[in-house]
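# Coordinate analysis (summary)
This is what each chain is made of:
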Amino acid sequence: MTNYAKTTFRHLEKKLVCTLFGHQVDNHRFAQASDNVKQCPCGVEFLHQDSSETRVRHTISCFLIHHSYIKMSTRNGHNEYVCIQCGHPLLFEIGSDPYSKNGGHFDKKARYLCNLFGHKVHTVTKRNSYTEYACFCGHSFLKQEKSLSKVTHPLICLFAGHFIHFEARRNGYAEFVCRNCGHTFCFVDKN
């Protein structure tokens, strides 16, 4: 097989994986880019900061091993952190933040019980047309519904990934929200 054929085959393989599972996000790659254009390894430009939607896959290493978080901000009585790889945010009330003394950087495994049985949430704030919620495990959601006490992950997100669109720019990140579950993601923003 020639080098050209191998390269073409690898490119088609990447496109097929993205078609099946969604595009790959990586804040490390976004931070190293010379501009703010986000491009998946399959070659597609994505995560546009308009009303368009991008389907993204789960970052398996973060889900199975652990996320690596850094502090992003303090807002609405909560400390906010973001995963330096997949962009998964966490929100903890300042008075009960188990990571507030970690110097703004820590590793954390996903809380599988919450993912399986649902997140017991409290209201953080109202933003645009959403109510923002956070679980005691730190998982946050932007939902149209008001006064929720529990948020569950729909099966479509588990099997198909997240269908996300741009929501806001905050503290050097572009925030995206999943239309199906309200899960938010924060990706490095150079604007």
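Look above for the structure.
As a starting point, this report considers the structure included with it. Please read all numbers here as calculations on a predicted model, not as lab measurements.

Rules behind the numbers
- Residues numbered from 1 in each chain as written.
- Predicted model: local features only at pLDDT ≥ 70, side-chain atom pairs only at ≥ 80, totals over all residues.
- Heavy atoms only, no water.
- Helix = DSSP H or I, 4+ residues; strand = E, 2+ residues; numbered from the N terminus.
- Rg over C-alpha atoms; globule rule 2.2 N^0.38 Å.
- Buried < 20%, exposed > 50% of the residue type's maximum accessible area, 1.4 Å probe, protein only.
- Contact = heavy atoms within 4.5 Å.
- Phe/Tyr/Trp six-rings, centres within 6.5 Å; stacked < 30°, edge-to-face > 60°.
- Pairing = 2+ DSSP bridges.
- Axes fitted to C-alpha atoms, helices over the stretch in contact; angles between N-to-C directions.
- Salt bridge = Lys/Arg side-chain N within 4 Å of Asp/Glu carboxyl O.
- Lys, Arg positive; Asp, Glu negative; His and termini not counted.
- Polar contact = N/O pair within 3.5 Å; in protein donor to acceptor, adjacent residues only side chain to side chain.

## A look at the overall build of the protein chain
A tally of helices and strands in the protein chain yields five helices and 14 strands. Whereas a compact globule of 191 residues would reach a radius of gyration of roughly 16 Å, the protein chain reaches 17 Å, a difference of no more than 12%. In terms of its C-alpha atoms, the protein chain occupies a principal-axis envelope of roughly 60 × 35 × 30 Å. Split into buried and exposed, the 191 residues of the protein chain put 47% on the buried side. For the protein chain, long-range pairs separated by at least 24 residues make up 52% of all intrachain contacts whose partners lie at least 6 apart in sequence.

## Notes on the packing of aromatic side chains
Considering all chains together, one arrives at eleven aromatic pairs under this definition. Ring plane angle 65° and centroid distance 6.2 Å describe the contact between F30 and F46, whose orientation is recorded as edge-to-face. Taken together, the residues span a long stretch of sequence, with F30 in helix α2 (residues 27-32) and F46 in strand β2 (residues 45-46) at a distance of 16 residues. Between F176 and F187 the ring centres are 5.7 Å apart and the planes differ by 50°, which places this aromatic pair in the tilted class.

## Overview of the sheet that holds strand β3 (residues 53-56)
Ordered in space as β3-β12-β13-β14, the four strands form an open sheet in which the pairing is antiparallel. Across the chains shown, the open sheet's two edge strands, defined by having one partner strand only, are β3 and β14 (184-188). In this sheet, adjacent strand axes meet at a mean angle of 40° when their direction is disregarded. Of the pairings in the sheet, the one linking strand β13 (residues 173-178) to β14 comprises five bridges and is antiparallel in character. Bridge pairing in β14 links A174 to F187.

## Overview of the pattern of salt bridges
Any two side chains of opposite charge can pair, so long as their charged atoms come close to each other. Using the criterion set out here, one finds eight salt bridges in the structure. For E175, the salt bridge goes to R170, with nearest N and O atoms at 3.0 Å. Here the salt bridges do not stand alone but share partners, grouping R75, E80, R127, E132, R170 and E175 into one network.

## With respect to the sheet that holds strand β4 (residues 67-75)
In space, the four strands of this open sheet follow the order β6-β5-β4-β7, with antiparallel pairing throughout. With partners counted over all chains shown, the strands left at the sheet margins are β6 (89-93) and β7 (105-108), one partner each. Ignoring which end each strand starts from, the neighbouring axes of this sheet average 35° apart. Across five bridges, the pairing between strand β5 (residues 78-83) and β6 is antiparallel. Each bridged residue has a counterpart across the sheet, and for N79 the counterpart in β6 is F92.

## What to know about the side chain of D26
The topology assignment puts D26 in the loop between α1 (3-21) and α2. In this structure D26 is buried but unpaired, with R29 as the nearest side chain of opposite charge at 4.3 Å. Polar side-chain contacts of D26 include one of 2.9 Å to the backbone nitrogen of H28.

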